[in-house]
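# Results of the structural survey
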Amino acid sequence: MTSHDVVARVRRLARTRRVGHGGTLDPMATGVLVIGVGRGTRLLTYVIGSVKGYAATIRLGQTTITDDAEGEVVATAPAGHVTDAAIRDGLAALTGAIEQVPSAVSAIKVDGKRAYKRVREGEQVMLAARPVTISRLDVLAIRRPAPDVVDVDVEVVCSSGTYVRAIARDLGAGLAVGGHLTALRRTAVGGFTLAEASTLEELEKVAPEVVNLPLAEAARRFFAVREATVDEARTLSHGGPLDRAGIDGSYAVFAPDGGLLAIVREREGRARPEVVFTG
């Protein structure tokens, strides 16, 4: 199931076309997909850029064309000799602020065409490295299910735009045995975690009331908060700027009655609205 498939299902359940998601999941992956419904879609642009958490399994000893288990194996090398210490050192080298080459089979556009489409048509695709931050890359387990392969369970916390498939590929390349991803589960998107997620089956039972986190509550969790006066609320509801409050980045402004007014950012000496939810 693709992220687009999930959006289509939620549109049907919520009985509205106004549904979107906050960051694509690979079809092979499971876990957290943040969905916005109605006015909630206007917050998704902020969700997309947030920090992500994953649980993943890397298989050493096999290279695939997609860097994950969905692609055909294109090379093998015995990995049984690779020590636990070497694996941990290899992962440590991939941690922090790094330049990562995205997987060739990805949705990144090359001259207007998706990279994965070019690969499927037989082209050689080389994507430019891009800066990402992998703040945590912890080993949960190292297993040896067969003499020539090693499976490594990891926990990842990374910036938006990081390819966990590329971590598997680069670990395998660094150890000279090849590697690919065999399992991927997104455990968190920003402050939204797997523990509070609903399955599609659960949403079916409560449709059309599929929203389990109201807009105002989501904004209070995700953003710094500013409480507006009655006069400020009136100004902001018409798209006008407020005086600065000295808050960095985008933040949420709430009306005296607790309703979400807008997302603002301070620039040019004023707090200017980026998204207004009233008026």
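Residues numbered from 1 in each chain as written. Predicted model: local features only at pLDDT ≥ 70, side-chain atom pairs only at ≥ 80, totals over all residues. Heavy atoms only, no water.

Named according to an unreviewed UniProt entry, the chain is tRNA pseudouridine synthase B originating from Phytohabitans flavus. Word for word, the UniProt comment on the chain under Function (unreviewed entry) is "Responsible for synthesis of pseudouridine from uracil-55 in the psi GC loop of transfer RNAs." Looking at the Catalytic activity (unreviewed entry) heading of the UniProt record, one finds this comment for the chain: "uridine(55) in tRNA = pseudouridine(55) in tRNA". (UniProt positions renumbered as here; feature names shortened; annotations may be inferred.)

Let us now look at the pattern of salt bridges. Per the stated rule, a full pass over the model turns up 20 salt bridges. With a closest N to O distance of 2.8 Å, Asp-84 and Arg-144 form a salt bridge. Taken together, the residues span a long stretch of sequence, with Asp-84 in helix H3 (residues 84–92) and Arg-144 in strand E10 (residues 130–146) at a distance of 60 residues. In this structure Asp-84 comes out as partly exposed when scored by relative accessible area, which is 35%. Notably, a salt bridge pairs Arg-244 with Glu-266, separated by 3.6 Å at the nearest N-O pair. Of this pair, Arg-244 sits in the loop between strand E15 (242–243) and strand E16 (251–254) while Glu-266 sits in strand E17 (residues 260–267), and the two are 22 residues apart along the sequence. Beyond isolated ion pairs, a larger network of salt bridges with shared partners links Arg-59, Arg-143, Asp-151 and Asp-153. (Salt bridge = Lys/Arg side-chain N within 4 Å of Asp/Glu carboxyl O. Helix = DSSP H or I, 4+ residues; strand = E, 2+ residues; numbered from the N terminus. Buried < 20%, exposed > 50% of the residue type's maximum accessible area, 1.4 Å probe, protein only.)

Here Thr-66 lies in the loop between strand E5 (62–64) and strand E6 (73–76). On the basis of relative accessible area, Thr-66 is assigned to the buried category, the value being 12%. Side-chain polar atoms of Thr-66 contact the side chain of Asp-68, separated by 2.6 Å. (Polar contact = N/O pair within 3.5 Å; in protein donor to acceptor, adjacent residues only side chain to side chain.)

The next subject is the packing of aromatic side chains. Under the defined criterion, the tally for this structure stands at 3 aromatic pairs. Each ring, one from Phe-192 and one from Phe-222, has its centre 5.6 Å from the other, and the planes form 5°; the classification is stacked. Separated by 30 residues along the polypeptide, Phe-192 in strand E13 (residues 192–193) and Phe-222 in helix H7 (residues 215–222) bring together distant segments of the chain. Between the aromatic rings of Phe-222 and Phe-223, the centroid separation amounts to 5.3 Å while the plane-to-plane angle is 70°, which identifies the pairing as edge-to-face. Through pairs of rings, three or more aromatic residues link up here, namely Tyr-46, Phe-192, Phe-222 and Phe-223. Note that Arg-42 overlies the ring of Phe-277, its terminal NZ or CZ placed 5.4 Å from the centroid. Positioned above the aromatic ring of Phe-254 is the side chain of Arg-220, whose terminal nitrogen or guanidinium carbon lies 3.8 Å from the ring centre. (Phe/Tyr/Trp six-rings, centres within 6.5 Å; stacked < 30°, edge-to-face > 60°. Lys NZ or Arg CZ within 6 Å of the ring centre and 35° of its normal.)

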